[in-house]
Amino acid sequence: AHLHLPLPRPFGAATRLRAMLRRSPFFLAAAASMGRAVLAQQAAKLRPEKHLELWVEMDCTADGCNREKGGLVMDANWRWCQSGGQNCYTEKKWNPTFCSDPAKCAKACSVEGADYEATYGVTPTTGNTGVNLKFVTRHSYGANYGSRLYLMD
């Protein structure tokens, strides 16, 4: 089954960041780094991230709305976190080889870009004004159930 989801007006960047950090396994690493040197997750090494393009209606009045180009990004919890082709996070726990502490994990592991359509069943609608979401997407590694997306401005 497909669901056409027109997206609501986006939240501010700070609101999205707070929401993403609360739901991300990287929240502990981010929280642990406050007041110390900044830690950053490694950029994708095998599949660069390419956000889905999405047009958003803003500042609507009786005369219409302004359209602004934005994008969608898949939550890091849904993407592959790896080091040298090995999983950094499996079976609901961090791999101690790479992630014995947040700093080591941030240095060793990269969050890979998403194959939105093939792995997650997320495709843009005609005109990039919404997205189609499959709840179950079968692919060469098994199946994926659902997706969590964030609107970027």
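Since we're looking at a predicted model, the values are computed, not measured. (Residues numbered from 1 in each chain as written. Predicted model: local features only at pLDDT ≥ 70, side-chain atom pairs only at ≥ 80, totals over all residues. Heavy atoms only, no water.)

**Considering the sheet that holds strand β8 (residues 110-111)**
Counted only if it meets this: Whether two strands pair comes down to DSSP finding at least two bridges between them. We count a stretch as a helix when DSSP gives it H or I for four or more residues in a row; a strand needs E for two or more, and each element gets its number in order from the N terminus.
Pairing is antiparallel in the open sheet, where three strands are placed in the order β5-β4-β8. Each having just a single partner strand, β5 (86-87) and β8 make up the two edges of the open sheet.

**With respect to unusual backbone geometry**
For the record, the criterion: Three exposure classes are used, based on accessible area relative to the maximum for each residue type with a 1.4 Å probe and protein chains only: buried under 20%, partly exposed in between, and exposed over 50%.
Of note, the phi angle at Asp59 is positive, near 50 degrees, even though the residue is not glycine. Position of Asp59 relative to the elements: it lies in strand β2 (residues 52-61). For Asp59, a relative accessible area of 42% gives the class partly exposed. Positive phi outside glycine occurs at Lys92, with the angle close to 65 degrees. In this fold, Lys92 is placed in the loop between β6 (89-90) and β7 (93-94).

**Some thoughts on the packing of aromatic side chains**
The geometry of an aromatic ring pair comes down to the distance between the two centres and the angle between the two planes. Our working definition: Pairing of aromatic rings covers Phe, Tyr and Trp, the last counted by its six-membered ring, and requires centre-to-centre distances within 6.5 Å; plane angles under 30 degrees mean stacked, over 60 mean edge-to-face, and any other angle means tilted.
Per the counting criterion, the structure on display carries two aromatic pairs. Ring geometry for Tyr89 versus Trp94: centroids 4.6 Å apart, planes at 65 degrees, classification edge-to-face.

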